[in-house]
Structures are given as C-alpha cells and as structure tokens.
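Residue strings, one per chain:
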Amino acid sequence: MQIWVDADACPVTVKEILYRAADRTQVLVTLVANQMLRTPPSAWIRSVQVPSGFDVADKHIADAVAPGDLVITADIPLAAGVVEKDAFALNPRGEFYSRENVRELLDMRNFMETLRSSGVQTGGPEALSSADRQRFANRLDRFLAGAGVKPANGTSVSTRKFASIDRNRGIGERRGSDDE
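Treat the numbers as computed from the prediction; the structure is a model and nothing was measured.

1. Re unusual backbone geometry
Although it is not a glycine, Asp-55 adopts a positive phi angle of roughly 60°. Relative to the helices and strands, Asp-55 resides in the loop between strand 3 (45–49) and helix 2 (56–64). For Asp-86, which is not a glycine, the phi torsion comes out positive at approximately 60°. Looking at the element boundaries, Asp-86 is found in the loop between helix 3 (76–84) and strand 5 (88–90). Since its relative accessible area comes to 30%, Asp-86 is described here as partly exposed.

What follows is the structure in structure tokens.
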C-alpha cells in the first residue's frame, strides 16, 4: 500500500501532514505534479514531475495506482477512476470518495461547469479551514490504522476507534469530536 498525491493543487498544510505520516508509518508517499516539488529528505517521500498538460498528473496517478492504495485529490474524475480500481480516494478536506458518492459528485461538477461556461459566476471552494485540516489528519490516521499500518516505533497510529473500510463506501462516515 502506498499513498499517491495529486500535488499540483494539494494545500501545503495537507502535504505537511502527509510528510509526517510517511515518516511515522514508513508508508511511501508519492507526490505527482507538473512542476518541481520540494520535499523533505526521507526514504518514504518521493516526487514525480510529469510534463505539463491537461490531466497529465492525474493520468500518471490513475495508471500507477493499485488496489488498496490511497490517493489524495480534490479532482473528482481522478477520484472516480481510483475508486473503480479498488483503491481509496480522500480529498484535502478529509472526505472520502466512494462508489456511492462519486457519481453524484461528478454530476454536480459537470452541472457547475455547464453553468460557468454559460457565463454564470459560481465562485470557488472555500479556503481550507483548521477543522478541514484536523478532519483530514484524523481520517488519514484512521485509514492507516484500518489498513494495519503501524508507526515505526510499534505504537498504534491512532488511539481512536476506527470506522470499518468498505470498498463500496470508503471509510464509514461518523461524526464526532475527532472529525472536527
């Protein structure tokens, strides 16, 4: 199992969480972007620079991902392809894509794209909040714990109860203080 990151638009704070998780758990994190990336020195972190072009990084990830891998992306079409390959997709706000929700999200994305192309101002996503960062870190920890990944020192990744992984639904959505 490894973690792939659609790094062109991934927030710096999310990358920093991933860097710490890579070193703590010794899980390979691969950042893919069409520009040179600076990453901390680590045997568990690597970056791949792909040529510039529309969806080149996404295609690289989609071709390389294996069942059980985790992909960090806000790109809904990439997430849909990842889920179809029996891998997992998590966005930087800590929300898992699943077979159930990805079709609905693609439909909404396409609808909004149609509105924008007809001249309607739809605005963009809100800035990543501290609650989003915390939710991402918590969901990542629970995913890694559920995948049987333990930190290098042998302690558990997370002391919280972890929701079961279901290939059709991703990680069970549970609300609570650890999600905020």
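2. Comments concerning the nonpolar core
A general tendency of soluble globular proteins is for nonpolar side chains to be buried together. Grouped together as the largest cluster of nonpolar side chains are 27 residues, with contacts concentrated most on Ile-3, Val-5, Leu-18, Leu-70, Ile-72 and Leu-140. Listed by contribution, the elements that provide at least two residues to this core are strand 1 (3–6), helix 1 (12–25), strand 2 (29–33), strand 4 (70–72), strand 5 and helix 5 (130–146). Per-element accounting of this core gives the leading share, 6 residues, to helix 1. Grouped together as the second largest cluster of nonpolar side chains are 19 residues, Val-32, Val-48, Val-71 and Ala-89 included.

3. A short note on the sheet that holds strand 5
By definition, the strands of a sheet pair up through backbone hydrogen bonds, in either a parallel or an antiparallel sense. Read across the sheet, 6 strands follow the order 3-2-1-4-5-6 without closing on themselves; strand pairing throughout is mixed. One side of each edge strand has no neighbouring strand; the edge strands of this open sheet are strand 3 and strand 6 (96–97). Across 4 bridges, strand 1 lies against strand 2 in parallel orientation. Looking at strand 2, one finds that Asp-6 is bridged to Val-32.

4. Side note on the pattern of salt bridges
In this structure the tally under the stated criterion is 5 salt bridges. We note a salt bridge from Arg-93 to Asp-132, for which the minimum N-O separation is 2.6 Å. In this pair, Arg-93 is assigned in the loop between strand 5 and strand 6 and Asp-132 in helix 5, connecting sequence segments 39 residues apart. Since its relative accessible area comes to 22%, Arg-93 is described here as partly exposed. Three or more residues joined by partner-sharing salt bridges are found here, namely Arg-93, Asp-132 and Arg-135.

Each value, and the rule that gives it
- Residues numbered from 1 in each chain as written.
- Predicted model: local features only at pLDDT ≥ 70, side-chain atom pairs only at ≥ 80, totals over all residues.
- Heavy atoms only, no water.
- Helix = DSSP H or I, 4+ residues; strand = E, 2+ residues; numbered from the N terminus.
- Buried < 20%, exposed > 50% of the residue type's maximum accessible area, 1.4 Å probe, protein only.
- Core = buried A, V, L, I, M, F, W, Y, C linked by side-chain atoms within 4.5 Å.
- Pairing = 2+ DSSP bridges.
- Salt bridge = Lys/Arg side-chain N within 4 Å of Asp/Glu carboxyl O.

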